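# Coordinate analysis (summary)
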Number of protein chains: 2
Amino acid sequence: MDHKETDISGTPVLPDQGRRNFLETTAKATLAGAGLAMGLAACKSDKPAATAPAKAAEGDGARAVAPGEFDVHPGKLDSYYIFSSAGHNGEVRIYGLPSGRTLKRIPVFNLDPMVGWGITNESKKIMGTKPDGTLKYTTGDTHHVHGSYTDGTYDSKYLWTNDKLNGRIARIRMDRMECDAITEIPNVQGFHGIFPDKRDPVDSNINHTTRVFCGAEFHSPQPNDGRDVNDPTKWFALFTCVDAESMDVRWQVKVDGNMDLVATSYDGKLAATNQYNTENGYLLADMMSAERDACVFFNIERVEAAIKAGKSFTIGDSKVPVVDGTHAANQDPKTALTCYVPVPKNPHGVNLSPDGKYFVCSGKLSPTATVIATELVHKWFAGELKDPRDAVVAEPEIGLGPLHTAFDGRGNAYTSLFLDSQIVKWNVEKAIAQYKGDKSVQPVVDRIDVHYQPGHTYASMGETKEADGKFLNAGNKFSKDRFLPVGPLHVETEQLIDITGDKMRLIHDHTAYPEPHDAIIVRADVVKTKQVSDMNDFPNAVKSMDDNRVERHGNKVFVYMTSQAPNYGLAEIKVKHGDEVTITVTNHDKVEDLTHGFGIEKYNVNFIINPQETHSVTFKADKPGAFWIYCTHFCHALHLEMRSRFIVEK
Amino acid sequence: MDHKETDISGTPVLPDQGRRNFLETTAKATLAGAGLAMGLAACKSDKPAATAPAKAAEGDGARAVAPGEFDVHPGKLDSYYIFSSAGHNGEVRIYGLPSGRTLKRIPVFNLDPMVGWGITNESKKIMGTKPDGTLKYTTGDTHHVHGSYTDGTYDSKYLWTNDKLNGRIARIRMDRMECDAITEIPNVQGFHGIFPDKRDPVDSNINHTTRVFCGAEFHSPQPNDGRDVNDPTKWFALFTCVDAESMDVRWQVKVDGNMDLVATSYDGKLAATNQYNTENGYLLADMMSAERDACVFFNIERVEAAIKAGKSFTIGDSKVPVVDGTHAANQDPKTALTCYVPVPKNPHGVNLSPDGKYFVCSGKLSPTATVIATELVHKWFAGELKDPRDAVVAEPEIGLGPLHTAFDGRGNAYTSLFLDSQIVKWNVEKAIAQYKGDKSVQPVVDRIDVHYQPGHTYASMGETKEADGKFLNAGNKFSKDRFLPVGPLHVETEQLIDITGDKMRLIHDHTAYPEPHDAIIVRADVVKTKQVSDMNDFPNAVKSMDDNRVERHGNKVFVYMTSQAPNYGLAEIKVKHGDEVTITVTNHDKVEDLTHGFGIEKYNVNFIINPQETHSVTFKADKPGAFWIYCTHFCHALHLEMRSRFIVEK
């Protein structure tokens, strides 16, 4: 491998930031001894990094957890919600903390026959269909989940999550905890990271989320219509802004490199992405050739002004305006749309401290975390800072494979060390002092083993101004031997850590069906949900018992039904073989938790209707016969008797 | 409602078993006071039974659980597996006990984009496809799960589960914990209960499971081809036997009534189902008109002999032999295929005690459990017992809404009381003594509140000869206020109860994504799984790195690929727009837990390949362009770099 000793800005790379130095110094570092062996072994042998278990530290001395200390007794409620993206399972999950109990699965990009997600007309409309009415996608790879902000903290209105596999962003309305919109983003592949803004970049009266920013990882032909398929040197990636309310794509920015994570400033003015492969290479060796890549900052106000001024282009069929945010096109700080702050090669994560002052960026090929001052990035855009690299105020060496950083609101950062299988706690101000030259300072203040290979780690309220430093969760990629064996496919591990004291304490291991990608931990009192919906929010509601009926228009049959325990509004539905049948069901029960199900034998129809809600299905009556409709969701003492007959006459 | 005061056999019903008496006596019963009010309210108002929370009993006096008493510390393993059917979610789940952690979801009747269930060719073949290659069903309603037996206990070979919605039985191989076969049963609707046999009814050398019995609940036209759709009086239900190994349907029995649960004797000779609506009514009032229904026993040896003797018929296109097991056709005990033992109206559950001596049958319309002696049923079939009702040896009054019964192996039964929201513990021998006339005996020895409305309840190893009386789980249909709110759709509750002492002790509440239907609790040492598969078990394996290639046959393209961290065997796959592409991937990694993913951007392809396994997908290259293939399942330090390009040329 050829190492270029310059970064993206042409600045010579300091010797102590290079890859060779990483290997050399870390081999000496006693703290990382076992981890390094593991990390290097992973590159050289057929054994993965995960094979060497780290020594468990839980239960020793200052880390001891008292019996029952974090128990949530029967009937008691958890104190935090955790909203988690579920990776290639395509859903979003809600857990309670500290119990670790799964409170809900929210189907998003996946099908869910219980809810009827992907079965009802309403969910199919959200998911998107092909011209023949079948679903366009039934897979997805949810990578991150973030909530909407007001005044720098969660407002319990929306969650957003992204699909890396099919380039989509989905929104979840938090009152019902259901997906209500999905947008496919044009001309992106490997849509990896998202983050909502926290206030408007221009209008300071708008102190809530209005935009969601999306980072795309993979370069692809622009447009991807068959041209340039054999010339990856012409491919590039786009950074995208989606409107938080309409869910329309507002604009895109052409960038150098591949983006993973996104972070946004509290003033609404900056979005940041970690950028690897700023070399724009298409082979692995090319992607890792430069010693430095970048943390890129987007000046949102300028991007939108440039679009207003007509300085944009479009790609293929897409009408979305695109501006040029590449490094070469943004050399003048005073007009630049983007600022490329050089960081050690192949960064993977970027996170903002709760006080808004520092972005922390790191990646597995350097044992460091790069601390970038928000204020200095602003200075660069104002023409008051010569070199973007001067926005870096610290770069502590923290361990092997640093990926993502969480914060406790007391000045400490917690970074997941993928190769070391640890969470390392380090003090930001100490790291800054050390970077300034104070050799007496040791930024790392604690480290704890996790099991095994953590990806994301996140603290309670840690991505808000209300970071409370109580709990930290590590989403681990391998469980290996931590749980009873269940065959070749292993469950993964989420580990809950108490971060209130000087020493981190491992509370317990939860399991996570692959995969526990990323999550946010939200204080229970912040979340406001509605347990009974308003019938008027469903435009197709069958509002009166008198409206139960079957209407025929040619060979289209429309069935309007109510459900009220223990009966459906119609005891029998008669149609003709070959009819296209639309059945609309409104649940008239008003009591919390009194959800009904609606399944038709042999017709592959199954969905639920929560109290006061309405859902519908459309299908072809392609089999003659008599088929029972029954309530599939336990509703009432006479639940088993809740049935109707679907008669398809020859 | 008109009450007939006779049971199915014409025997006058004893006054103390009638519905009217049920309402009268239970209103007086102090033990059931609150529950009754709740139960009756459910029938009269729009408030469901679930609205009145039972008073929590946990933590009081003898029921107190010490802090941390049942903790499973980080890194420690659970002592039991729980295999649970997941209702209308269509999957089977594995939990660990006592932690309550979800160890695995096994996709069965549902799609799972993480595993690729319903996406890979191999899983589609198991699930079943339409002539156009799309899946026949994507929904299901798993009701029960039971394991294969050897010598009266679990042998860790197979699990079976059933789909009430589309009439299918599925098998899970326990070494890999994956579904390996699904059979659609002809001419059944509302396929509610299953149970494997425990030894052969004829050949006593065969002391393991060879058959699985299936109870169908709903009457339907036979055949269901459009005839008789308007005359439900002609409809009937079938009891079915499926071969445990071939998964072929062996035979069916025409019966009176609607079946829910199935149980089997340890000698292999009897299968039992609870039968409601022996009136064969098709309106609710008709279904509940008789004061008694039946627990029906099938004499397996005789059924199979009758088929061998040609005394069978077939229905419609089905080739499965059917024999007549209706009550009217089986009046002579010495030749009868079935024995209808009268039990109070509308029974819902039937379970066998671990000593094999007693079947316990009960249902929500009587506050009793009916204890039927296995030995006396055999006597009836031998012509040595005049009245089938004489096989009843006890019928204790235990509370409101008794559904399912578990056993501790120490002579105690634990019945879920749906209306009372309780588990009641009662002693079987005391109940028999009471039934014989000893008025000094009180069979009920303890009761504990559960939250709320339990359906199934099951004890550790309770359905085997090794019942150990350690844990009991209650699968509750409503959680109401037990967990943090998550919108209109509530999670449900599983409650773990310690049954080692005189008093039941509530250990904790787990959550269950709807729904926690039924489950078995299996000692951890019983379960043997394989963490790394044998490549030779996959006939389409790409066995050598040299076999990586693309083959074209006309417009069909076959891609053979290996995966070995951190690379796929081909960095690029080129096809033409419009090709039918089959991609076969073999994972060459041998390390436990080193599963790879395989996703193609925008092509709705996503699946995993566990170590040494092979899976394939077939799809049409319907979009020109370049599309990234990436590893969706975290595999290795260079996981994020594990990619290939799928190039579709115009």
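Residues numbered from 1 in each chain as written. Chains lettered and ligands numbered in written order. Predicted model: local features only at pLDDT ≥ 70, side-chain atom pairs only at ≥ 80, totals over all residues. Heavy atoms only, no water.

Applied cut-off: UniProt positions are given in the numbering used here, feature names are shortened, and annotations may be inferred rather than shown by experiment.
Going by what an unreviewed UniProt entry lists, chain A is known as Nitrous-oxide reductase and is assigned to Novimethylophilus kurashikiensis. Under the heading Subcellular location (unreviewed entry), UniProt records this for chain A: "Cell envelope". Of the comments in the UniProt record for chain A, the one headed Cofactor (unreviewed entry) reads "Cu cation".

### Thoughts on the side chain of Asn 412 of chain A
Residue and element names in this part refer to chain A. Cut-off, in case you're wondering: Runs of H or I in DSSP of at least four residues are treated as helices and runs of E of at least two as strands, each being numbered from the N terminus. To sort residues, take the accessible area from a 1.4 Å probe on protein chains only and compare it with the maximum for the residue type: under 20% means buried, over 50% means exposed, and anything in between is partly exposed. Definition of a polar contact: a pair of N or O atoms within 3.5 Å, with one able to donate and the other able to accept a hydrogen when the atoms are protein atoms, and with sequence-neighbouring residues admitted only if both atoms are side-chain atoms. We call two residues contacting when some pair of their heavy atoms lies within 4.5 Å.
Relative to the assigned elements, Asn 412 resides in strand β22 (residues 412-417). For Asn 412, a relative accessible area of 11% gives the class buried. Within the local environment of Asn 412, its side chain forms a polar contact with the side chain of Asp 408, the two groups lying 3.0 Å apart. At 3.1 Å, the side chain of Asn 412 forms a polar contact with the side chain of Asn 427. If sequence neighbours within four positions are ignored, Asn 412 has contacts with Ala 406, Phe 407, Lys 425, Trp 426 and Asn 427.

### Regarding the interface of chain B and chain A
Defined as follows: As a working definition, buried area equals the accessible area (1.4 Å probe) given up by two parts on being put together, with both sides summed. By salt bridge we mean one thing: a side-chain nitrogen of Lys or Arg within 4 Å of a carboxyl oxygen of Asp or Glu.
Taken together, the contact pairs 143 residues of chain B with 144 residues of chain A. With both chains or domains summed, chain B and chain A bury close to 12,300 Å², and 58% of this area falls on carbon and sulfur atoms. The largest contributions to the chain B side of the interface with chain A come from Arg 105, Leu 484 and Pro 488 of chain B, which together make up 7% of the buried area. Seen at the junction of chain B and chain A, the total is eight salt bridges. Here Glu 217 of chain A makes a salt bridge to Arg 643 of chain B, at a shortest N to O gap of 3.8 Å. Remark: the boundary between chain B and chain A carries 62 residue pairs in polar contact (both at pLDDT 80 or more). If one sorts the elements of the side of chain B that touches chain A by residue count, strand β28 (residues 505-512) of chain B sits on top with six residues.

### Thoughts on the sheet that holds strand β7 (residues 178-184) of chain B
All names here are of chain B. For clarity, the cut-off: By this definition, two strands are paired if DSSP reports at least two bridges between them. Here, axes are lines fitted to C-alpha atoms. For helices the fit covers the stretch in contact, and angles between N-to-C directions go from 0 to 180 degrees.
Here four strands make up an open sheet; going across it, the order is β4-β5-β6-β7 and the pairing antiparallel. If you trace the sheet from one side to the other, it starts and ends with β4 (142-150) and β7, each paired once. Recorded for the sheet is a direction-independent mean angle of 25 degrees between the axes of neighbouring strands. As defined by bridge partners, strand β5 (residues 153-163) adjoins strand β6 (residues 168-173) across six bridges and the pair is classed as antiparallel. Within the sheet, the bridge partner assigned to Asp 163 lies in β6 and is Arg 168.

### A closer look at unusual backbone geometry
Residues and elements named next belong to chain A. The linkage connecting Pro 514 with the following residue, Glu 515, adopts the cis geometry, with an omega of -5 degrees. Mapped onto the secondary structure, Glu 515 falls in the loop between β28 (505-512) and β29 (519-523). In this structure, Asn 277 takes a positive phi of about 55 degrees despite not being glycine. Within the secondary structure layout, Asn 277 lies in the loop between β13 (270-276) and α4 (284-287).

### As for the pattern of salt bridges
A full pass over the atoms with the stated rule returns 78 salt bridges over all chains. For Lys 602 of chain B, the salt bridge is made with Glu 184 of chain A, and the minimal N-O distance between the two is 2.7 Å. Of this pair, Lys 602 of chain B sits in the loop between β35 (596-600) and β36 (605-609) while Glu 184 of chain A sits in strand β7 (residues 178-184), which puts the two residues in different chains. Looking at Lys 602 of chain B, the relative accessible area reads 12%, which means it is buried. The partly exposed category is assigned to Glu 184 of chain A, whose relative accessible area is 30%. Residues Asp 509 of chain B and Arg 482 of chain B are paired through a salt bridge, measuring 2.8 Å at the closest nitrogen-oxygen approach. Highlighted residues: Asp 509 of chain B in strand β28 and Arg 482 of chain B in the loop between β26 (471-476) and β27 (492-498), separated in sequence by 27 residues. Residue Asp 509 of chain B is classed as buried on the basis of its relative accessible area, which comes to 3%. Among the residues examined, Arg 482 of chain B registers a relative accessible area of 4% and is labelled buried.

### Considering helix α6 (residues 374-381) of chain A
So the rule is basically this: Arc definition: it is the arc formed by the directions from the helix axis to the C-beta atoms.
If you check which residues of α6 of chain A are buried, you get Thr 374, Leu 376, Val 377, Trp 380 and Phe 381 of chain A. Relative to the axis of α6 of chain A, the buried residues are bounded by an arc of 165 degrees and lie together on one face.

### Section: the relation of the copies chain B and chain A
Here is the rule we go by: The atoms used to superpose the copies are C-alpha atoms, taken from residues with pLDDT of at least 70 in both, and the fit is least squares.
For the pair chain B and chain A, the best superposition has an RMSD of 0.0 Å and corresponds to a rotation of 180 degrees with a translation of 0.0 Å parallel to the axis. The operation mapping one copy onto its partner corresponds to a two-fold rotation axis. Measuring from the rotation axis to each C-alpha of chain B, the shortest distance belongs to Gly 68 of chain B, at 2.2 Å. The residues that chain B uses at the interface reappear at the interface of chain A in 100% of cases, marking a shared surface.

### A closer look at the sheet that holds strand β3 (residues 102-107) of chain B
Residue and element names in this part refer to chain B. In space, the four strands of this open sheet follow the order β3-β2-β1-β29, with antiparallel pairing throughout. Looking at the sheet topology across the chains shown, the edges are occupied by β3 and β29 (519-523). Across the sheet, the mean angle from the axis of one strand to that of its neighbour is 20 degrees, orientation sign disregarded. Relative to strand β2 (residues 91-97), strand β1 (residues 80-85) runs antiparallel, the two being bridged by six bridges.

### Remarks on the confidence of the model for chain A
Residue and element names in this part refer to chain A. As a reminder, the rule being used: The pLDDT score gives, residue by residue, the confidence of the prediction method on a 0 to 100 scale.
Taken over all residues, the pLDDT of chain A has a mean of 91, while the share at 70 or more is 91%. Low pLDDT (under 50) marks residues 1-5, which in the prediction has 15 contacts with non-local residues, meaning those over four places away or in another chain. At the level of chain-chain contacts, confidence expressed as ipTM amounts to 0.91, with global pTM at 0.92.

### Comments concerning the pairing of strand β35 (residues 596-600) of chain A
All names here are of chain A. Burial analysis of β35 places five of its five residues in the buried class, the great majority of the element. Residues of β35 alternate between two faces, with His 596, Phe 598 and Ile 600 on one and Gly 597 and Gly 599 on the opposite face, all of them buried. Two elements, β35 and strand β36 (residues 605-609), share five bridges in a ladder whose sense is antiparallel. Residue Gly 597 lies in a different strand from β36, and its bridge partner there is Ile 608. Connecting the antiparallel pair β35 and β36 is a turn made up of four residues, with Lys 602 showing a positive phi of about 70 degrees. Sheet topology note: the β35/strand β38 (residues 625-630) ladder contains two bridges and is antiparallel. Residue pairing for β38: Gly 599 is matched across the bridge by Tyr 630.

### A short note on the pairing of strand β6 (residues 168-173) of chain A
All names here are of chain A. Of all six residues in β6, five are buried, a share of seventy percent or more. Remark: four residues form the turn of the hairpin made by strand β5 (residues 153-163) and β6, two consecutive strands paired antiparallel; Gly 167 in that turn has positive phi of roughly 65 degrees. Bridge count between β6 and β7: six bridges; the pairing is antiparallel. If you follow Ile 172 over to β7, its bridge partner there is Cys 179.

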